[in-house]
Amino acid sequence: MIFYNPTGAPELGCNDCGCRWFDRMTNRCYECGADVPERDVAEFRAALEAFVTARQKLAE
């Protein structure tokens, strides 16, 4: 799941427990140990790219 922090930046959250902390070496949630599905990572990357694009347009 994707959360948005107060600045509007996306943060990836665990689908099982909602934790936002992941071991990037193993793609597992630190809190419950659940695997992070590749589709969630792809959705997060897309949301992050959209955020960066929007911020760049504001800076112009």
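Quick caveat: nothing in here was measured; it's all calculated off a predicted structure.

Caption draft 1: Highlighting the nonpolar core. L12, C14, C19, F22, C29, A34, V36, V41 and F44 form the largest nonpolar core, which has nine residues in total. Apart from residues lying up to four places away in sequence, A34 is in contact with C14, D16, N27, R28 and C29.

Caption draft 2: Structural detail: the pattern of salt bridges. Within the structure shown, the criterion is met by three salt bridges. Of the charged contacts in the structure, one is a salt bridge between R20 and E11, with a shortest N-O distance of 3.3 Å. Accessibility expressed as a relative area gives 24% for E11, which makes it partly exposed. The salt bridge involving R28 is made with D35; its shortest N-O contact spans 3.3 Å.

Caption draft 3: Unusual backbone geometry, seen in detail. In this structure, N27 is a non-glycine residue whose phi angle is positive, near 55 degrees. Examined against the element boundaries, N27 turns out to sit in the loop between β3 (22–23) and β4 (28–29). With relative accessibility at 29%, the residue N27 sits in the partly exposed group.

Each value, and the rule that gives it
- Residues numbered from 1 in each chain as written.
- Predicted model: local features only at pLDDT ≥ 70, side-chain atom pairs only at ≥ 80, totals over all residues.
- Heavy atoms only, no water.
- Core = buried A, V, L, I, M, F, W, Y, C linked by side-chain atoms within 4.5 Å.
- Buried < 20%, exposed > 50% of the residue type's maximum accessible area, 1.4 Å probe, protein only.
- Contact = heavy atoms within 4.5 Å.
- Salt bridge = Lys/Arg side-chain N within 4 Å of Asp/Glu carboxyl O.
- Helix = DSSP H or I, 4+ residues; strand = E, 2+ residues; numbered from the N terminus.

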